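# Structural overview
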Amino acid sequence: MLAMAAREMGYHVRALDPDPRCAARFSVEEHLVASFDDEAAAERLGRSCDVVTLEIEKIATSCLDAAGRAAPVRPGSAALEIIQNRARQKTFLDAHGLPVGPFRVVRSAEQLGFALLELGGVCFVKAAAGGYDGRGQFETTSAEQAAEAWSALKASSCVVEKALAIDAELSVLVARAPSGALIVYPPALNHHVDRVLAWSVLPAPIEPRVAERVRELARAAAEALSIEGLLCIEFFVLGGDVLVNELAPRPHNSYHASVVGSATSQFEQCVRAICDLPLGSVDTLRPAAIANLLGDAWLGASPPSFDAALELPGVRVHLYGKTGARPGRKMGHLSASAATAEEAVALVQLAKTRLTR
Ligand code: ADP
Ligand code: MG
């Protein structure tokens, strides 16, 4: 999707991805098949590009530095180094006065046991590196599960968080150019099922006061990291309070609705930011929602009935071209635009139920 936006603007695109059948293969002009820790390949990529960006966190920072010897890499390795490790990320947020929930960083089963006792109640233990879509996490109800959680996660360090009574989840996308120009999107409201994003709507139908607060915090996070490119900040809302959950330095699932609802999609905005072009308007032209399509939808007796979803005015289908549906794997999403955020959510959910018609 990022490559398609870049090509629409007249750029040529190369991708580095270890999977020969990666989703980008149809929209880029060259695909370097190399692992995310292959410094020589990263340097080759840098030498053949005017600017390099990333859309996954699990890249070795040494690769960003290798590419960076030949071309600007945005966002750079300093920001990725902090973000790709939950322990460093949480500590960074806390140190910069960004509000986070109670947490501990632990490096052994014993430390985990103490942390669970101290925090008390239900906790989330999250591997510091490599987790996504709720993977690399273990939910505990008592400190007695320390050994079990530690051996299940197989991580050298973990972040332990108290389970919070969340009223809602929001995210805010910020784009920042190397010039320092910065723009903040309206918040998106996100609904997770089993720790995976199920649907998201833009703009979030929330009190203006809460929207202003999260946009302010998002801007502060982007400035603290001097991010070049995109930064998406996930938030928890508890009563009138908001806490930062986590950061992502790239296009984000919760802003896929910007493709149909915003004056500038997150993908075009990313291109503008990394190429140091003027940033585009973040105005919402029409409220829009998305519903994720997981691999499970392909594993039933018959394939998803996309025609039944497409019959609904305002509904679109977005498939990523991934080969091999697996349970829980994000294969694409549906989008719907409507007069209000609530109607957009209802419409996209109706469209999703039609897939199994
Ligand atoms: P991931 O990188 O997998 O998105 P997150 O830390 O964002 O990891 O966790 C995924 C989801 O799990 C969150 O969006 C939220 O719904 C739930 N979750 C995570 N941490 C907590 C917490 N401390 N309290 C309550 N719910 C949580
Ligand atoms: Mg998350």
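Conventions adopted
Residues numbered from 1 in each chain as written. Chains lettered and ligands numbered in written order. Predicted model: local features only at pLDDT ≥ 70, side-chain atom pairs only at ≥ 80, totals over all residues. Heavy atoms only, no water. Near = heavy atom within 4 Å. Polar contact = N/O pair within 3.5 Å; in protein donor to acceptor, adjacent residues only side chain to side chain. Areas by Shrake-Rupley, 256 points an atom, 1.4 Å probe, with all protein chains shown as cover. Helix = DSSP H or I, 4+ residues; strand = E, 2+ residues; numbered from the N terminus. Domains from an automatic or database assignment. Core = buried A, V, L, I, M, F, W, Y, C linked by side-chain atoms within 4.5 Å. Buried < 20%, exposed > 50% of the residue type's maximum accessible area, 1.4 Å probe, protein only. Donors = N, O, S within 2.8 Å, 3.2 Å for Na, K, Ca; no water. Contact = heavy atoms within 4.5 Å. Buried area = accessible area lost by both parts, 1.4 Å probe. Salt bridge = Lys/Arg side-chain N within 4 Å of Asp/Glu carboxyl O.

### Details of the site of ligand 1
Around ligand 1, a shell composed of 19 residues is seen, among which K126, G134, E169, N245 and E246 lie nearest. Here a nitrogen atom of ligand 1 sits 3.0 Å away from a polar atom, N or O, in the side chain of E161. In the complex, 91% of the free accessible area of ligand 1, which totals 540 Å², lies under the protein chains. Secondary structure elements with two or more residues in the shell around ligand 1: β4 (123-127), β6 (158-162), β11 (229-238) and β12 (241-248). When residues are assigned to domains, the shell around ligand 1 turns out to be shared by domain 2 (102-162) and domain 3 (168-356), each giving three or more.

### Concerning the nonpolar core
In this structure, L225, L231, I233, F235 and L247 are the most contacted members of the largest nonpolar core, which totals 80 residues. Ranked by size, the runner-up nonpolar core spans 18 residues in total, among them L32, C49, V52 and A66.

### Structural notes on the coordination of the magnesium ion (ligand 2)
Summarising the metal site, the magnesium ion (ligand 2) is bound by the protein donors E234 (OE), E234 (OE) and E246 (OE), whose distances to it range over 1.9 to 2.8 Å. Residue E234 is located in strand β11, and its partner E246 is located in strand β12; the two are separated by 12 residues in the primary sequence. Residue E234 is classed as buried on the basis of its relative accessible area, which comes to 13%.

### So, the domain arrangement of the protein chain
Per the domain assignment, the segments making up the protein chain are domain 1 (2-73), domain 2 (102-162) and domain 3 (168-356). Here the C-alpha centre of domain 3 lies 28 Å away from the C-alpha centre of domain 2. Each partner contributes residues to the interface: domain 2 has 7 residues there, and domain 3 has 6 residues. For the domain 2 and domain 3 pair, buried surface summed over both sides reaches about 530 Å², with 34% attributable to carbon and sulfur atoms. Among the residues of domain 2 in contact with domain 3, D133, G134 and R135 are the three that bury the most area, contributing 60% of the side total. At the junction of domain 2 with domain 3, the criterion picks out 2 salt bridges.

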